Amino acid sequence: MSSPRVRRIADRIKVVVAQMLERRIKDPRIGFVTITDVRVTGDSQNATIFYTVLGADSEAELAGTAAALESAKGLIRSEVAKQLGTRTAPTLEFIHDALPETARHLDDVLARAKAQDDAVAAARVESYAGEPDPYKKPREAEDEWDPSTGSGHREDDEE
């Protein structure tokens, strides 16, 4: 879909199919279908329509929606041809978009990794590699010179 014409056709097909599913197709097998993407070949002969079904938990519901879309393909194609106004109508192919399931799976994996990181961080004992306070401090009053011993000593050492 590199040319602007093909992109416009794909966008228009997406709108027309969504309107058809919302208003004219009354098949009870079609649940809450969302058209996520439409890809059109460069010659505008084939259109691949990606869809998701909101709330479809079982494979049977997804299969029912796929069968309903397949049965309504002719009506949708004729409306797409009428709305596009091109010489030929593209053939339509409906493909279930696995992107939401993949994103959900990745979110689960990331949540598990974060939980494991938090558990490791909680089990870790924090200790410094060197001294607890590695910064230099100003010198305190160190040694005083004692001429009788010839060395320096602290006043509190004499006790």
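Residues numbered from 1 in each chain as written. Predicted model: local features only at pLDDT ≥ 70, side-chain atom pairs only at ≥ 80, totals over all residues. Heavy atoms only, no water.

Peer 1: Break down the overall build of the protein chain for me, citing the residues and quoting the values.
Peer 2: Each helix and strand counted, the protein chain has four helices and five strands in total. Beginning at the N terminus, the succession of helices and strands in the protein chain can be written as α-β-β-α-α-β-α-β-β. The proportion of buried residues among the 159 residues of the protein chain is 25%. The contacts in the protein chain between residues at least 6 apart in sequence include a share of 56% that link residues at least 24 apart. (Helix = DSSP H or I, 4+ residues; strand = E, 2+ residues; numbered from the N terminus. Buried < 20%, exposed > 50% of the residue type's maximum accessible area, 1.4 Å probe, protein only. Contact = heavy atoms within 4.5 Å.)

Peer 1: A description of the nonpolar core should follow, citing residues and the corresponding values.
Peer 2: I13, V17, L21, I35, V40, I49 and I76 are the most contacted members of the largest nonpolar core, which totals 26 residues. For this core, the secondary structure elements donating two or more residues are helix 1 (4-24), strand 1 (32-40), strand 2 (46-54), helix 2 (59-71), helix 3 (73-84) and strand 3 (91-96). With sequence-adjacent residues up to four places away left out, I35 is seen in contact with K14, V17, A18, L21, I49, F50 and Y51. (Core = buried A, V, L, I, M, F, W, Y, C linked by side-chain atoms within 4.5 Å.)

Peer 1: Talk me through the environment of V17; I want residue IDs and the actual numbers.
Peer 2: When you line up the elements, V17 lands in helix 1. Classification of V17 as buried rests on a relative accessible area of 0%. For the pair V17 and V38, spaced 21 residues apart in sequence, the C-alpha to C-alpha distance is 9.8 Å. In contact with V17, other than residues within four places in its own chain, are I35, I49, I76, V80 and F94.

Peer 1: Explain helix 1 to me, using residue names and the numbers behind them.
Peer 2: Since the α-helix packs 3.6 residues into each turn, any two residues three or four apart lie on the same face. Given a rise of 1.5 Å per residue, 21 residues ought to cover 30 Å, and the 29 Å separating the end C-alpha atoms of helix 1 matches this to within 8%. Restricting attention to buried positions, one finds in helix 1 the residues V6, I9, A10, I13, V16, V17, M20 and L21. Projected down its long axis, helix 1 carries its buried residues within an arc of 135°, all on one side. Residues of helix 1 that are exposed and angled more than 90 degrees away from the buried face: R8, E22 and R23. (Expected span 1.5 Å × (residues − 1). Arc of directions from axis to C-beta.)

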